[in-house]
Amino acid sequence: MDVRKKFEALAGKEDTVVLGIESSCDETAAAVYAGGRILSNVISSQIEIHRRFGGVVPEIASRNHTLALPAVADEALKEAGMSLKDVDAIGVTYGAGLIGALLVGVSSAKALAYAANKPLIKVNHIEAHICANYIEHKELSPPFLALVASGGHTSIVEVEGYNRYKLVGSTTDDAIGEAFDKVARLIGLGYPGGPNVDRLARLGSPVIDFCKKKKPHEFGKLSYSGLKTAVVNYVHNARQKGETLPIEDICASFTAAAIEPLVDTVVEAARRSGAKTVVIAGGVASNSALREEMRKAGEKNGFKVLMPSPVYCTDNAAMVAVRAFFSAREGVNLAGLDLGPESNLRI
Ligand code: KG4
Ligand code: ZN
């Protein structure tokens, strides 16, 4: 049977077996999803490799994906108790992300799909982050509102259907995770900075006002470069005066300043769309303050807030497999062997 016919046969099926592959940044990941359950979720992180450079070096990321991916995919199948022939479809992230890193995942997925004569499904990384919420929240179904906060994205999305996503807000400059990483680097915390800032923020107080000149922002237009500059100026000033940096307070104050406008924008977006459920997703969705503030905002404004466990917030292939599953169920996003990476893919 040709792959198109095989793909069409998956429409409406609930027990499709999907192998997901993810390589958009510095995690090489593969996972198997079947019958509403994650059967395996293998992640090979390159954090240690990039740590000494203070951030992800794209060329090194690509090379390490090439080295890791065959074993990671084998491991995911093995843990699921399957071989490639048991898989119904292969889902792969083709954007957004680092072009060379994406190319490795896309090429590997195409090779597997061709070799095993399986349908290949293209997956948008931002949509995949949102779909991480379906893994543990079986009651979740569209429509709902989603906040994707990660190293590469700060997006507010109306999820109108399993395959219908509408962008209603995003950052006009840096992504929130990028701001966390840059502030961490500035004050001498290691890469990736987000988790370190999170840990230290809990020991400090938000006593430094980094947002004195904050302009009222237009709905849906978030910005993080001004906040980052405010922290840079504060730190340089303190260093020039020979003062000891109040690291914990800087982390707490930066976190509060980063999260407040984000939560406010989500609340406004929920009000405008009438959303009864809001989900958060992406690496920064594992931030303890964001999780707490979103829960409070939900209680105050009368919407339900859902979030994935931290392991499904940062990059993983389980979310990719789930996103691909919904494509197969509705018969969309079948890719050909001419699929290429799209580094600036949007919703
Ligand atoms: O979703 P992700 O793994 O990759 C992208 O798609 O970008 O997100 C990684 C980002 C990094 O910027 C990292 O510092 C941030 O998520 N991050 C956090 C936390 N855990 C990860 N930021 C704040 N608090 C955290 N606990
Ligand atoms: Zn991501």
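Residues numbered from 1 in each chain as written. Chains lettered and ligands numbered in written order. Predicted model: local features only at pLDDT ≥ 70, side-chain atom pairs only at ≥ 80, totals over all residues. Heavy atoms only, no water.

Caption draft 1: How the structure looks around the overall build of the chain. On a plain count of helices and strands, the chain comes out with eleven helices and twelve strands. The globule rule puts the C-alpha radius of gyration for 347 residues at 20 Å, and the 20 Å found for the chain is close to it. Counting only C-alpha atoms, the chain reaches 70 × 45 × 30 Å along its principal axes. In the chain, the share of contacts with a sequence separation of at least 24, taken over all contacts with a separation of at least 6, comes to 73%. (Helix = DSSP H or I, 4+ residues; strand = E, 2+ residues; numbered from the N terminus. Rg over C-alpha atoms; globule rule 2.2 N^0.38 Å. Contact = heavy atoms within 4.5 Å.)

Caption draft 2: Looking closely at the pattern of salt bridges. Counted under the stated rule, the structure contains 17 salt bridges. In this structure, the salt-bridge partner of lysine 182 is glutamate 178, at a minimum N-O distance of 3.4 Å. One end of the pair is lysine 182 and the other is glutamate 178, both in helix 6 (residues 176–186) and four residues apart, which spans about a single turn. With a relative accessible area of 34%, lysine 182 lands in the partly exposed category. Taking relative accessible area as the criterion, glutamate 178 reaches 28% and is therefore assigned partly exposed. Glutamate 268 serves as the salt-bridge partner of arginine 272, at 2.8 Å between the closest nitrogen and oxygen. Within this pair, arginine 272 and its partner glutamate 268 are both found in helix 9 (residues 247–273), separated by four residues, close to a single helical turn. Residue classification places arginine 272 among the exposed positions, given a relative accessible area of 53%. The partly exposed category is assigned to glutamate 268, whose relative accessible area is 23%. Here the salt bridges do not stand alone but share partners, grouping Asp174, Glu178, Lys182 and Lys228 into one network. (Salt bridge = Lys/Arg side-chain N within 4 Å of Asp/Glu carboxyl O. Buried < 20%, exposed > 50% of the residue type's maximum accessible area, 1.4 Å probe, protein only.)

Caption draft 3: Structural detail: the packing of aromatic side chains. Taken as a whole and judged by the stated rule, the model has eight aromatic pairs. With 5.5 Å between their ring centres and 40° between their planes, tyrosine 134 and tyrosine 162 make a pair best called tilted. Residue tyrosine 134 is found in helix 5 (residues 125–136), and its partner tyrosine 162 is found in the loop between strand 7 (154–161) and strand 8 (164–171); the two are separated by 28 residues along the sequence. Relative to phenylalanine 254, the ring of phenylalanine 180 has its centre 4.9 Å away and its plane inclined at 80°; by these criteria the two rings are edge-to-face. In this pair, phenylalanine 180 is assigned in helix 6 and phenylalanine 254 in helix 9, connecting sequence segments 74 residues apart. Exposure remark for phenylalanine 254: the relative accessible area of 0% places this residue in the buried category. Through successive ring pairs, a cluster of aromatic residues spans Tyr33, Tyr134, Phe144, Tyr162, Phe325 and Phe326. The ring of phenylalanine 219 carries the charged tip of arginine 272 above its face, separated from the ring centre by 3.9 Å. The cationic tip of arginine 329 hangs over the ring face of tyrosine 162; the distance from NZ or CZ to the ring centre is 4.8 Å. (Phe/Tyr/Trp six-rings, centres within 6.5 Å; stacked < 30°, edge-to-face > 60°. Lys NZ or Arg CZ within 6 Å of the ring centre and 35° of its normal.)

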